[in-house]
Amino acid sequence: MDAQLKRGLLDLCVLAAIKDEDSYGYKIIKDLKPYAELSESTLYTILKRLEAAEMLTVRTAEHDGRLRKYYHITAEGLQRIEEFRLDWEEMLKIHRFVTKEDKDL
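Residues numbered from 1 in each chain as written. Predicted model: local features only at pLDDT ≥ 70, side-chain atom pairs only at ≥ 80, totals over all residues. Heavy atoms only, no water.

Student: Give a description of the pairing of strand β1 (residues 56–63) that names residues and reports values.
Tutor: Across a regular strand the side chains alternate sides, sitting on one face of the sheet and then on the other. Bridge count for β1 against strand β2 (residues 66–73) is eight bridges, and the pairing is antiparallel. Bridge assignment links Leu56 to a residue of β2, and that residue is Ile73. The antiparallel hairpin formed by β1 and β2 contains two residues in its connecting segment, where Asp64 sits at a positive phi of about 55 degrees. (Pairing = 2+ DSSP bridges. Helix = DSSP H or I, 4+ residues; strand = E, 2+ residues; numbered from the N terminus.)

Right, here's the structure in full:
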């Protein structure tokens, strides 16, 4: 898979993982495991990039005597997921054309 495409898809996976509720690094990796293999170093690079792009915010809270960072999706992050959904519909049309699955195109 193209590296840039994979990077963008992993960004979207992370946004989707925090879409319904705030989450933290270990849980994000665990939630994504059935769909995408993600190392801690890759995840934290993605989280920093998404924070810089204002697609998520970070807050620190104590958990079991330790500080934990929780990530929250912003309106920009939600908008990026919606843009992906629309882009994906177009990609599916192209896929059907290339694979000749849709004779009407």
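Student: I'd love a proper account of the packing of helix α2 (residues 25–32) against helix α3 (residues 40–52), names of residues and values included.
Tutor: α3 packs onto α2 with a crossing angle of 110 degrees between their chain directions and a minimal axis gap of 10 Å. It follows from the interaxial angle that α2 and α3 lie roughly perpendicular. The segment α2 lies against α3, with Gly25, Tyr26, Ile28 and Ile29 engaging Glu40, Leu43, Tyr44 and Leu47. Looking at the contact of α2 with α3, its residues break down into six nonpolar, one polar and one charged. (Axes fitted to C-alpha atoms, helices over the stretch in contact; angles between N-to-C directions. Parallel < 35°, antiparallel > 145°, perpendicular 65-115°, else oblique. Contact = heavy atoms within 4.5 Å. Nonpolar A, V, L, I, M, F, W, Y, C, P; charged D, E, K, R; others polar.)

Student: Before we move on, can you summarise helix α1 (residues 3–17) with the specific residues and values?
Tutor: For an α-helix the count is 3.6 residues per turn, leaving residues at separations of three or four pointing the same way. The terminal C-alpha atoms of α1 lie 21 Å apart, and with 15 residues this matches the ideal 21 Å at 1.5 Å per residue to within 8%. Of the residues making up α1, those classed as buried are Leu10, Asp11, Leu12, Val14, Leu15 and Ala17. Looking at the buried positions of α1, the neighbouring elements they touch are α2, α3, β2 and α4 (75–98). (Expected span 1.5 Å × (residues − 1). Buried < 20%, exposed > 50% of the residue type's maximum accessible area, 1.4 Å probe, protein only.)

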